Amino acid sequence: MQKKHKVGLAAAAAVLVAVPGGLVVKNQAAAAEREAETKSLEQAAEEIFQRRADRSEAEWRRHAPPAGKVWNQADARADVSRVKRKGDQFIVDVNEIAIPYTSDAYGMKLEPTTPWVGSYRYVFERDGSDWRLVKDLTDQLTK
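Read on for a plain summary of the structure. Not measured: the values here are computed from a predicted model. (Residues numbered from 1 in each chain as written. Predicted model: local features only at pLDDT ≥ 70, side-chain atom pairs only at ≥ 80, totals over all residues. Heavy atoms only, no water.)

### Re the side chain of Glu 37
With respect to the helices and strands, Glu 37 occurs in helix 1 (residues 2–54). With no salt bridge to any partner, buried Glu 37 finds its closest opposite charge in Arg 85, at an N-O distance of 4.3 Å. Apart from the residues within four sequence positions on either side, Glu 37 is in contact with Arg 85, Phe 90, Arg 126 and Trp 131. (Helix = DSSP H or I, 4+ residues; strand = E, 2+ residues; numbered from the N terminus. Buried < 20%, exposed > 50% of the residue type's maximum accessible area, 1.4 Å probe, protein only. Lys, Arg positive; Asp, Glu negative; His and termini not counted. Salt bridge = Lys/Arg side-chain N within 4 Å of Asp/Glu carboxyl O. Contact = heavy atoms within 4.5 Å.)

The structure is reproduced here in structure tokens:
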């Protein structure tokens, strides 16, 4: 009888240990999924920023380059600070860091200049395996 009781207690203890462990694994999986989603949204925002930085009428090109230099290219990066899910939509607060480069008149001697930084709030939806920008809610950031 005592042996059965010990086996029963051991089984109950194993179940109690397994359940919290299962919750930990489930929480870790959910955290990994959120992390992957955030990285994916960051890449989508970065593509938007890079397209904007590559345009000939980009904001940073409106200013004169340093003497003896010409504007060349820019590298844009995105840094997601917050993601909020509302149904199928993801509201994303993201910072843009665009680094314009100058060069000589022949396109040689690339040199980075002062980075341009901006904060934005975008709404994205899934579009297959990609993201689609639905709205720009940046004006809400100042309110």
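There is more to say after this.
### Concerning the nonpolar core
Core analysis: the largest hydrophobic core is formed by 20 residues, its most contacted members being Phe 49, Val 92, Val 94, Tyr 122 and Phe 124. If you list the elements that add at least two residues to this core, you get helix 1, strand 1 (70–86), strand 2 (89–103) and strand 4 (116–127). Top contributing element to this core by residue count: helix 1, with six residues. Not counting residues up to four positions away in its chain, the partners in contact with Tyr 122 are Ile 48, Phe 49, Arg 52, Phe 90, Ile 91, Val 92, Val 94, Leu 133, Lys 135, Asp 136 and Thr 138. (Core = buried A, V, L, I, M, F, W, Y, C linked by side-chain atoms within 4.5 Å.)

### Notes on the side chain of Ser 103
When you line up the elements, Ser 103 lands in strand 2. A polar contact is formed between the side chain of Ser 103 and the side chain of Asn 72, at a distance of 3.0 Å. (Polar contact = N/O pair within 3.5 Å; in protein donor to acceptor, adjacent residues only side chain to side chain.)

By themselves, these are just geometric observations and shouldn't be taken as functional.
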